[in-house]
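The chain contents come next:
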Amino acid sequence: VNDISLSMRNTQEEEPQDPQLVRLDNMLLAEGVAGPEKGGGAAAAVSAATSSGGMSPDSSLEHSDYKSKLSQIRSIYHTELEKYEQACSEFTTHVMNLLREQSRTRPVSPREIERMVAIIHRKFSSIQTQLKQSTCEAVMILRSRFLDARRKRRNFSKQATEVLNEYFYSHLSNPYPSEEAKEELAKQCGITVSQVSNWFGNKRIRYKKNIGKFQEEANLYAMKTALGATQNEDSPHTPNSTGTCRL
């Protein structure tokens, strides 16, 4: 039995590592699925999401949801991996016992033992590779959904940003649109009322933190408003052109 165990260990040690398996292992480690739980992909996703100026309450909730789903993937992965490892160990032991029984009636060479162990190892290694590959795909899909949701909120069209900025600077003394105004802006921009609220909340914070930086932008929109009023003296006044830029 000792010879059989030794042959099994030596066969596993001598087998070169599969490059694909190494790549998957590295990816799982980086994503926080394998190894110590350090956030992994969650940290990377949040870093990308917050690179434009901090997390909004919606982003914080999404991040919590992301971490929760990543934790579920991690738990499923380790549970399945443990099952495969246990099954591999049990099956190897079963085969070794069969070979030991056969050795009583016929010679069992070390080469035959090594060949059987290698076959078992390759079979279960292939199953583990499939598990790791499907887990990596699940994490990539999760991260993609998280980042896509962030981009959809952040990356409004240029026209939508223009409309929101015009309203903000033409109501600078009180940049808090009413619910009716939010609904109208949402229709004009093709976004949700919640997105309008988030945009104004973030814009007010950024403006207050660095008024000097936004002075030029404020003057630009004041000029555009004045020019629009001059060109449309005889046309109905639009809500965006009322008021002046008061700093």
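Reading guide: rules and limits
- Residues numbered from 1 in each chain as written.
- Predicted model: local features only at pLDDT ≥ 70, side-chain atom pairs only at ≥ 80, totals over all residues.
- Heavy atoms only, no water.
- UniProt positions renumbered as here; feature names shortened; annotations may be inferred.
- Helix = DSSP H or I, 4+ residues; strand = E, 2+ residues; numbered from the N terminus.
- Buried < 20%, exposed > 50% of the residue type's maximum accessible area, 1.4 Å probe, protein only.
- Areas by Shrake-Rupley, 256 points an atom, 1.4 Å probe, with all protein chains shown as cover.
- Phe/Tyr/Trp six-rings, centres within 6.5 Å; stacked < 30°, edge-to-face > 60°.
- Salt bridge = Lys/Arg side-chain N within 4 Å of Asp/Glu carboxyl O.
- Core = buried A, V, L, I, M, F, W, Y, C linked by side-chain atoms within 4.5 Å.
- Axes fitted to C-alpha atoms, helices over the stretch in contact; angles between N-to-C directions.
- Parallel < 35°, antiparallel > 145°, perpendicular 65-115°, else oblique.
- Left-handed = near helix turned anticlockwise from the far one by under 90°.
- Contact = heavy atoms within 4.5 Å.
- Nonpolar A, V, L, I, M, F, W, Y, C, P; charged D, E, K, R; others polar.

Going by what an unreviewed UniProt entry lists, the protein is known as Pre-B-cell leukemia homeobox 2 and is assigned to Myripristis murdjan. What UniProt records for the protein under Sequence similarities (unreviewed entry) is the sentence "Belongs to the TALE/PBX homeobox family." One UniProt comment on the protein, placed under Subcellular location (unreviewed entry), says "Nucleus".

Turning our eyes to something else, we now look at the overall build of the protein. When helices and strands are tallied, the protein shows 9 helices and 0 strands. Starting at the N terminus and walking to the C terminus, you meet the elements of the protein as α-α-α-α-α-α-α-α-α. Looking at the protein as a whole, 34% of its 247 residues are labelled buried. For the protein, the accessible area works out to roughly 15600 Å², and carbon and sulfur atoms hold 52% of it.

This part covers the packing of aromatic side chains. By the definition in use, this model includes 8 aromatic pairs. Between Tyr169 and Tyr207 the ring centres are 6.3 Å apart and the planes differ by 70°, which places this aromatic pair in the edge-to-face class. Linking Tyr169 in helix α6 (residues 158-170) with Tyr207 in helix α8 (residues 193-209), this pair joins segments that are 38 residues apart in sequence. Accessibility assignment for this pair places Tyr169 and Tyr207 in one class, buried.

The next subject is the environment of Arg100. With respect to the element layout, Arg100 can be found in helix α4 (residues 57-102). Taking the C-alpha atoms as reference, Arg100 lies 10.0 Å from Ile113; in sequence the two are 13 residues apart.

What follows is about the pattern of salt bridges. Taken as a whole and judged by the stated rule, the model has 6 salt bridges. For Asp25, the salt bridge goes to Lys132, with nearest N and O atoms at 2.7 Å. Of the two residues, Asp25 sits in helix α2 (residues 19-30) while Lys132 sits in helix α5 (residues 110-154), which places them 107 residues apart along the sequence. A salt bridge links Glu80 to Lys83, with the shortest nitrogen-to-oxygen separation between them at 3.5 Å. Note that Glu80 and Lys83 are positioned in helix α4 at a spacing of 3 residues, about one turn of the helix. Overall, Glu80 belongs to the partly exposed group, its relative accessible area being 23%. Since its relative accessible area comes to 48%, Lys83 is described here as partly exposed.

In terms of nonpolar packing, the biggest core is built from 20 residues, with Leu164, Phe168, Tyr169, Leu185, Val196 and Phe200 touching the most fellow members. Listed by contribution, the elements that provide at least two residues to this core are α6, α7 (179-189), α8 and α9 (211-231). No other element matches the 6 residues that α6 contributes to this core. Core analysis: the next-biggest nonpolar cluster, separate from the first, contains 15 residues, Tyr66, Ile73, Leu131 and Phe146 among them.

Where α6 contacts α8, the axes come no closer than 11 Å and their chain directions differ by 55°. Put simply, α6 runs oblique to α8. The handedness of the crossing between α6 and α8 is right-handed. Across from Leu164, Asn165, Tyr167, Phe168 and Tyr169 in α6, the residues of α8 making contact are Val196, Trp199, Phe200, Lys203, Arg204 and Tyr207. The residue inventory of the contact of α6 with α8, partitioned by class, reads 8 nonpolar, 1 polar and 2 charged.

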